[in-house]
Structure formats: C-alpha cells, structure tokens
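Here is how the chains run, residue by residue.
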Amino acid sequence: MGKELFQIECLTGQMGAKMHKKIERNDPCWCGSGKKYKTCHMRMDERIRGYALEGHIVPDHSMIKTAEQIAGIRESGKINIAVLDYVAAHICPGMCTAEIDRLVVEKTKACGAVAAPLGFEGYPKSVCTSVNDQVCHGIPSEDVILQEGDIVNVDVSTVYQGYFSDSSRMFIIGGKTTPERERLVRVAKECMEAGIAQVKPWRFMGDMAAAVNGHAKENGCSVVVDIGGHGVGLEFHEEPFVSYVAPAGTEMLMVPGMVFTVEPMVNAGSEEIYVDDGNGWTVYTEDQKPSAQWEVTVAVTQEGYEILAY
Ligand code: MF3
Ligand code: CO
C-alpha cells in the first residue's frame with residue numbers, strides 16, 4: 001500500500017471510525033481490558049491522534065496488542081527460542097538442511113506447538129534454511145549438505161495457542177569460516193542489535209531502520225531494501241511492513257503494544273537480490289556474495305522494548 005493512502009486510511013479508518021463511534025470516557029475500553037476508556041487507552045489514543053494530525057503514519061488499534069495478547073506471544077516466543085536452541089545443539093557439518101526441518105518439527109511438536117511456515121502461502125517446509133548467498137526462504141532439502149565454513153540462517157516461526165512468534169539466528173558450520181563471512185555474520189547481528197536499541201514508544205520505525213542501515217554502511221555492507229520485517233502475533237505476517245533502510249523520523253510511529261520483527265538482511269556486497277524461479281521462494285544475492293540475517297520479535301513497551309523471541 002502506498003504511504004499516503006495508508007496515512008489517510010489511518011486517519012479516517014482507525015482513529016476516525018473509533019472517534020466517530022465516540023467512545024466516552026466512562027465507556028469500556030476498546031481493548032477489552034474491562035477498564036474504563038479514560039483509565040485505559042484514552043490518553044494514548046489522544047497522543048497518537050496528535051501525531052496523525054501532524055501527518056505521521058500511525059498504527060491503528062489492530063496493531064496495538066493487549067497485555068493478554070502479548071503474554072500469549074511471549075509463550076509462543078519461548079517455544080521459538082527453545083526450538084532454535086535445539087537446532088543450535090545439533091547443527092553440524094555433513095547434516096542436510098532437511099534434517100534441520102525434522103529437528104524443528106520434532107522440537108516444536110514436543111512443546112505442544114506448530115511450526116508456522118508449513119503451508120503458509122504454499123511454503124513446503126516448516127523452517128527456512130538459507131545458506132551463504134541465499135538471502136532468505138531457503139527450502140530445506142536432502143540435497144543441501146552443510147559443509148564446514150558455510151554460514152546458514154535458520155528462521156523459525158511458531159504458532160502456539162493461536163499466537164505467532166518469529167526469530168532467526170546465523171550458524172557458522174564447524175565454527176570456522178572465511179574472514180568475509182565471519183565479519184558479515186557479526187555485522188548483521190550488530191545491525192539487529194542497533195535496531196532493537198532504537199525501539200522506543202513515541203519514536204519512529206525509521207529511527208530503528210536508520211540505526212540498522214547506518215551500521216551496515218559503516219561496515220561496507222548493504223541492507224536489503226525489497227524485503228523487510230512485519231508485524232506479528234495474532235497472524236504470521238501483519239501490518240506494518242518494516243523497512244530497515246528508511247530515514248530517521250519516517251515510517252510508522254511506535255506505540256506501546258505494537259509487536260513486530262527486527263530482521264534486517266545484510267549483504268556483504270550489493271543489496272540487489274533475485275528470487276529463484278524454480279521454486280518461487282528462495283532469494284539470492286545478485287552478486288553471489290554472502291548474506292546474513294538475525295531476527296527477533298519485539299514488543300514496544302512503555303519504556304522501550306521487550307524481546308519476545310530471539
Ligand atoms: N520468518 C520468515 C519471514 O518472516 C518466514 C517467511 S514465510 C515462509 O519472512 F513461508 F517462508 F515461512
Ligand atoms: Co519474519
């Protein structure tokens with residue numbers, strides 16, 4: 001959706017519709033807390049409305065989770081973390097990426113949850129395993145055997161009691177790789193951390209993006225433009241689209257209760273990418289140089305952020 005259109009919809013749709021219905025101060029809050037509007041989200045809504053009137057992109061109520069919903073996403077995130085820990089304990093040279101898929105299915109099931117990727121928009125497996133110059137959406141295969149020195153992103157997403165979480169980590173197979181790959185894996189992690197540090201209420205998603213992109217550039221790396229992060233929690237992929245290259249002060253206002261991913265894809269060379277037309281999923285770097293990605297699910301809190309999955 002175009003930025004301007006979205007802005008108008010925010011004003012007329014979300015704030016507008018809610019304002020039209022005119023929740024009175026003493027009415028129950030729209031969030032379902034059972035509290036009166038005036039002691040729950042009223043002040044926050046007024047503050048958001050102020051930013052909207054200044055022309056900023058603001059979240060609608062569907063993007064603001066309740067404490068109960070965040071608690072659900074937190075539980076889902078704990079499983080996502082446990083699944084990635086399980087992969088970390090077993091991943092090794094000589095393993096095929098289909099084996100990682102089996103590990104994810106096994107651990108997720110043992111936790112009473114379901115892997116979100118399987119069947120999502122037709123995706124054929126339960127996890128993404130992206131090796132070396134694969135940027136994302138690598139499909140686990142019996143034919144991809146991990147070699148010493150490969151760098152692989154394992155991207156795990158869990159649905160538990162209706163709540164979604166999403167995180168990914170890089171693994172250096174055998175623990176040693178080339179200086180270029182090792183540096184890229186480190187810089188990509190630092191980019192994610194620099195972004196997380198900028199997640200604060202009443203700041204902008206662009207502030208987070210500028211921190212990510214700035215750190216990548218300082219280190220001679222590039223950040224993928226065409227694929228970004230997303231809201232997450234009640235669905236696998238929710239609004240907003242999350243850019244990691246936008247300028248500071250732009251993009252959506254961050255508000256307590258928003259939950260989204262910080263997952264910049266960082267390339268050693270250019271940001272240019274292409275999609276495998278054989279499987280329609282796997283994204284590669286155009287220049288065949290390596291790409292790395294770390295991902296967390298974060299919630300915006302009153303003070304800053306809470307990491308719900310890493
Ligand atoms: N965690 C990945 C993402 O948010 C999953 C992509 S969808 C899948 O981009 F179907 F490939 F899993
Ligand atoms: Co994601």
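Our structure's up above, just so we're on the same page.
Rules behind the numbers
- Residues numbered from 1 in each chain as written.
- Chains lettered and ligands numbered in written order.
- Predicted model: local features only at pLDDT ≥ 70, side-chain atom pairs only at ≥ 80, totals over all residues.
- Heavy atoms only, no water.
- Donors = N, O, S within 2.8 Å, 3.2 Å for Na, K, Ca; no water.
- Helix = DSSP H or I, 4+ residues; strand = E, 2+ residues; numbered from the N terminus.
- Buried < 20%, exposed > 50% of the residue type's maximum accessible area, 1.4 Å probe, protein only.
- Near = heavy atom within 4 Å.
- Polar contact = N/O pair within 3.5 Å; in protein donor to acceptor, adjacent residues only side chain to side chain.
- Areas by Shrake-Rupley, 256 points an atom, 1.4 Å probe, with all protein chains shown as cover.
- Contact = heavy atoms within 4.5 Å.
- Pairing = 2+ DSSP bridges.
- Axes fitted to C-alpha atoms, helices over the stretch in contact; angles between N-to-C directions.
- Core = buried A, V, L, I, M, F, W, Y, C linked by side-chain atoms within 4.5 Å.

Some words on the coordination of the cobalt ion (ligand 2)
- Protein ligation of the cobalt ion (ligand 2) involves Asp166 (OD), His230 (NE2), Glu263 (OE) and Glu295 (OE), the donor distances falling in the range 2.1 to 2.5 Å.
- Expressed as a motif, the donor residue spacing for the cobalt ion (ligand 2) is D-x63-H-x32-E-x31-E. On the criterion of sequence distance, the pair formed by His230 in strand 7 (residues 229-231) and Glu263 in the loop between strand 9 (259-262) and strand 10 (265-267) is long-range, its members being 33 residues apart. Both residues of the pair, His230 and Glu263, belong to the buried class.

Observations concerning the site of ligand 1
- Neighbouring ligand 1 are 13 residues; Pro117, Asp155, Asp166, His230 and His237 lie closest to it.
- Between a nitrogen atom of ligand 1 and a side-chain N or O atom of Asp166, the distance comes to 3.0 Å.
- Contact between ligand 1 and His237: an oxygen atom at 2.9 Å from a side-chain N or O atom of the residue.
- Burial of ligand 1 by the surrounding chains reaches 96%, relative to a free accessible area of 330 Å².

A look at the side chain of Ser76
- Looking at the secondary structure, you find Ser76 in helix 3 (residues 67-90).
- One polar contact links Ser76 to Ser165, side chain to side chain, over a distance of 2.9 Å.
- Residues in contact with Ser76, not counting those within four places in the same chain, are Thr158, Val159, Tyr160, Tyr163, Phe164 and Ser165.

Considerations on the environment of Pro93
- By secondary structure assignment, the location of Pro93 is in the loop between helix 3 and helix 4 (97-110).
- The residues touching Pro93, leaving out its near neighbours within four places in the chain, are Leu146, Glu148, Ile173 and Gly174.

Digging into the sheet that holds strand 12 (residues 283-285)
- Taken in spatial order, the 3 strands of this open sheet run 3-12-11, and their pairing is antiparallel. The open sheet is flanked by strand 3 (134-136) and strand 11 (273-275), the only strands paired with a single partner. Taking the axes of each pair of neighbouring strands and ignoring which way they run, one obtains an average angle of 40° across the sheet.
- By the bridge criterion, 2 bridges tie strand 3 to strand 12 in an arrangement that is antiparallel. When the bridges of strand 12 are listed, Cys136 appears paired with Val283.

With respect to the nonpolar core
- Counting residues in each nonpolar core, the largest one holds 42 residues, and the members touching the most others are Val199, Met208, Val255, Phe260 and Val262.
- Of all elements in the fold, only helix 2 (42-53), helix 5 (179-197), helix 6 (205-218), strand 9 and strand 14 (296-300) reach the threshold of two or more residues within this core.
- Per-element accounting of this core gives the leading share, 7 residues, to helix 5.
- Excluding residues that lie within four positions of it along the chain, Met208 makes contacts with Gly195, Gln198, Val199, Val242, Ser243, Tyr244, Phe260 and Val262.
- Ile79, Val83, Ala113 and Val131 belong to the second-largest nonpolar core, a separate cluster that totals 19 residues.

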